[in-house]
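# Residue-level structural notes
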Amino acid sequence: MVAIAFHQTIGTLHSQGYLNNSGFHHEFGNASVKLIPKGYKVNVGLSKGGSGTSNKRSFSVIQASTAHTSVSGSVTSPSSNSTNGSPKKSNEIALILIRHGESLWNEKNLFTGCVDVPLTRKGVEEALEAGMRISNIPIDMIYTSALIRAQMTAMLAMTQHRRKKVPIIMHNESEQAKSWSQIYSEDTKKQSIPVIASWQLNERMYGELQGLNKQETADRYGKEQVHEWRRSYDIPPPNGESLEMCAQRAVAYFREHIEPQLLSGKNVMIAAHGNSLRSIIMYLDKLTSQEVISLELSTGIPMLYIFKEGKFMRRGSPTGPTEAGVYAYTKSLAQYRQKLDDMLH
């Protein structure tokens, strides 16, 4: 499975023009690859382990674009100011939601659900663009689904962040996996961001529709029936999940695992899917079941929330090529960005 994820990631980047042969370098003994594309540097690494990790995919992409200035020095995020070694709760905590970039089955107009397919060239571009739009927002933890398209989106987005911290997938599925993926350098830990992958954040399972062409399915069952399966709140497709069923697992996971991190002062990014994110937004914005079914999320477009005094406030979702003029920056986020700027002078 690790090899599959490796070839999916490299194949997608290579086939879509991000890589060329002039700067190609590899060290397969450590299962690592370094490639130099036209405009930026990319390092791709995959963990290689025994039975404890063989059924899990883990990769990261680290990129420094020539058109995007990066900062590698020490910058304190608004949430991590501390006088006694423990995080100090900030008045303003960032929560970023990103729907994965376009997948190969999105492109083919197929029902995807929980089938594990990678990004298209457009999806890779969307993930990189999303990263540029959130490059000045602090991120302390990342949550993704167990599906490769969400994980690729999270990893590619973080290559654009100015802090240059490395996202690392945590392997806690067994004691052996946890032991084999342990980091022994405290300095390295400080320059890393833990990535937690969870199936509860997966796209809703489309049952017997998975792999079917959407137009052909509408022709077969009727447009009204397919629309009901796709857009109703509590009616599932054959042997699949309704949005309500997806919301039960996604919101429960958010409340049990992610919200406590926000309460402790951690800035969090979630890279997931249309229906699992709609479910979480329903919870954050207190939407009704009728309101949530009309909510549409574009692929690769980040949405910023501020968690303050126990409340979630939506700050914006960029539709332009840059973040400028889109996010209404709070005081602490503006100060964080200023610290990043100051390190360049």
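The structure this text deals with has already been given above.
The structure reproduced in this document is the subject of the present report. (Residues numbered from 1 in each chain as written. Predicted model: local features only at pLDDT ≥ 70, side-chain atom pairs only at ≥ 80, totals over all residues. Heavy atoms only, no water.)

### Comments concerning the overall build of the protein
In terms of helices and strands, the protein carries 12 helices and 11 strands. Buried residues in the protein amount to 50% of all 345 residues. Accessible surface for the protein amounts to roughly 16,200 Å². Of this, 50% is attributable to carbon and sulfur atoms. (Helix = DSSP H or I, 4+ residues; strand = E, 2+ residues; numbered from the N terminus. Buried < 20%, exposed > 50% of the residue type's maximum accessible area, 1.4 Å probe, protein only. Areas by Shrake-Rupley, 256 points an atom, 1.4 Å probe, with all protein chains shown as cover.)

### Quick word on the nonpolar core
If you look at the biggest cluster of nonpolar residues, it comprises 24 residues, and the most contacted ones within it are Leu95, Tyr143, Phe254, Leu262 and Ile270. Breaking this core down by element, the ones donating at least two residues are β5 (93-99), β6 (141-144), α9 (243-263), β9 (268-272), α10 (274-284) and β10 (302-308). Contacts of Tyr143, omitting those with residues within four sequence positions, involve Ile196, Leu201, Tyr253, His257, Ile258, Gln261, Val268, Met269, Ile270 and Ala271. One finds Ile98, Ile134, Ile142 and Ile306 within the second-largest nonpolar core, a separate group that totals 19 residues. (Core = buried A, V, L, I, M, F, W, Y, C linked by side-chain atoms within 4.5 Å. Contact = heavy atoms within 4.5 Å.)

### Quick word on the sheet that holds β6
The strand order across the open sheet built from seven strands is β7-β8-β6-β9-β5-β10-β11, with neighbouring strands paired in mixed fashion. The open sheet terminates on both sides in strands that have one partner only, identified here as β7 (166-169) and β11 (311-316). Averaged over all pairs of adjacent strands, the angle between their axes in this sheet comes to 25 degrees, without regard to strand direction. (Pairing = 2+ DSSP bridges. Axes fitted to C-alpha atoms, helices over the stretch in contact; angles between N-to-C directions.)

### Description of the pattern of salt bridges
Inspection of the entire model under this criterion finds eight salt bridges. Between Glu129 and Arg133 there is a salt bridge, and its shortest N-O distance comes to 3.4 Å. With Glu129 and Arg133 both in helix α3 (residues 121-133) and four residues apart, this pair spans about one turn of that helix. Classification of Glu129 by relative accessible area gives partly exposed; the value is 24%. The exposure class assigned to Arg133 is buried, which follows from its relative accessible area of 7%. A salt bridge links Arg249 to Glu241, with the nearest nitrogen and oxygen atoms 2.7 Å apart. Of the two residues examined, Arg249 and Glu241, each falls in the buried class. (Salt bridge = Lys/Arg side-chain N within 4 Å of Asp/Glu carboxyl O.)

### Section: the packing of α3 against helix α4 (residues 148-158)
Across the interface, α3 lies against α4 with an axial gap of 7 Å and an inter-helix angle of 45 degrees. Taken together, the axes of α3 and α4 lie oblique to each other. As α3 packs across α4, the resulting crossing turns out to be right-handed. Residues Val124, Ala127, Leu128 and Gly131 of α3 touch α4, and the partners they reach there are Thr153, Leu156 and Ala157. Its residues placed into classes, the contact of α3 with α4 shows five nonpolar, two polar and no charged. (Parallel < 35°, antiparallel > 145°, perpendicular 65-115°, else oblique. Left-handed = near helix turned anticlockwise from the far one by under 90°. Nonpolar A, V, L, I, M, F, W, Y, C, P; charged D, E, K, R; others polar.)

### Things to note about the pairing of strand β8 (residues 192-197)
Looking at chain direction, β6 and β8 are connected through three bridges and run parallel. Bridge pairing in β8 places Ile142 opposite Val195. For β7 and β8, the ladder comprises four bridges, and the chain directions are parallel. Looking at β8, one finds that Ile169 is bridged to Val195.

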